[in-house]
Structure formats: C-alpha cells, structure tokens
Amino acid sequence: QLLRVATLENINAIWAQYKTKPFHRQWILDAVPVVGVPVTLRFIKEKAHADEFTIPQLTQALLVGLH
C-alpha cells in the first residue's frame, strides 16, 4: 500500500539501498510493477534505459506492470 503513494524519488531511494541484495532486489522487482501507478512505470522505464535490469527481469516487470 505504501508504494501506491510513493514518489519516484522514494522508489529510487529504496532501489539504491537494496539493488545489490538479491532477495530484496527480487522483492522490489516483484512489488513495483504490481502497484500499477504511473510512477512505477516511469521507474521501470528509467532503470531499463540505464541497463539496471536483466532481460528476464525487464520482461517480467513490463508484463506485470502493463497487465
């Protein structure tokens, strides 16, 4: 529920803190697209352009985020 009201800066801060920890990284990649608000799609777009996702991670995020 908190991700629904999070700003892009909040999500980026969470990502920066946990992106190197595999378990937390996967949780973020599972949770962010499900929220389905424009901010989360912008987050996915920015990270995709920065090549911070693997192809399978990006595919999963886009499929869930656009569903």
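Description of the structure in this document. (Residues numbered from 1 in each chain as written. Predicted model: local features only at pLDDT ≥ 70, side-chain atom pairs only at ≥ 80, totals over all residues. Heavy atoms only, no water.)

## Details of the nonpolar core
Residues Leu3, Ile11, Trp15, Val32, Phe43, Ile44 and Phe53 are the most contacted members of the largest nonpolar core, which totals 17 residues. Sort the elements by how many residues they give to this core and helix α2 (residues 22-35) lands first, with five residues. Look past the residues within four positions of Phe53 in its chain and what remains in contact with it is Trp15, Arg25, Leu29, Phe43, Ile44, Lys47, Ala48 and Leu58. (Core = buried A, V, L, I, M, F, W, Y, C linked by side-chain atoms within 4.5 Å. Buried < 20%, exposed > 50% of the residue type's maximum accessible area, 1.4 Å probe, protein only. Helix = DSSP H or I, 4+ residues; strand = E, 2+ residues; numbered from the N terminus. Contact = heavy atoms within 4.5 Å.)

## Topic: the packing of aromatic side chains
Scanning the entire structure with this criterion turns up three aromatic pairs. On the numbers, 5.8 Å between centres and 75 degrees between planes, the contact of Trp15 with Phe43 is edge-to-face. Here Trp15, found in helix α1 (residues 8-18), pairs with Phe43, found in helix α3 (residues 38-49); they are 28 residues apart in sequence, far enough to count as distant. Under the relative-accessibility criterion, Trp15 is labelled buried at 1%. Chaining the aromatic ring pairs together yields one cluster made of Trp15, Phe43 and Phe53. (Phe/Tyr/Trp six-rings, centres within 6.5 Å; stacked < 30°, edge-to-face > 60°.)

## Focus on unusual backbone geometry
In this structure, Asp51 is a non-glycine residue whose phi angle is positive, near 55 degrees. Looking at where Asp51 falls in the secondary structure, it is placed in the loop between α3 and α4 (55-65).

## Some thoughts on the packing of α1 against α3
Any two packed helices are characterised by the angle at which their axes cross and by the distance between the axes. Two numbers describe how α1 lies on α3: the axes approach to 9 Å, and their chain directions differ by 50 degrees. It follows from the interaxial angle that α1 and α3 lie oblique. Relative to α3, the crossing made by α1 is right-handed. Where α1 abuts α3, its residues Leu8, Ile11, Asn12 and Trp15 lie against Val39, Thr40, Arg42, Phe43, Glu46 and Lys47. (Axes fitted to C-alpha atoms, helices over the stretch in contact; angles between N-to-C directions. Parallel < 35°, antiparallel > 145°, perpendicular 65-115°, else oblique. Left-handed = near helix turned anticlockwise from the far one by under 90°.)

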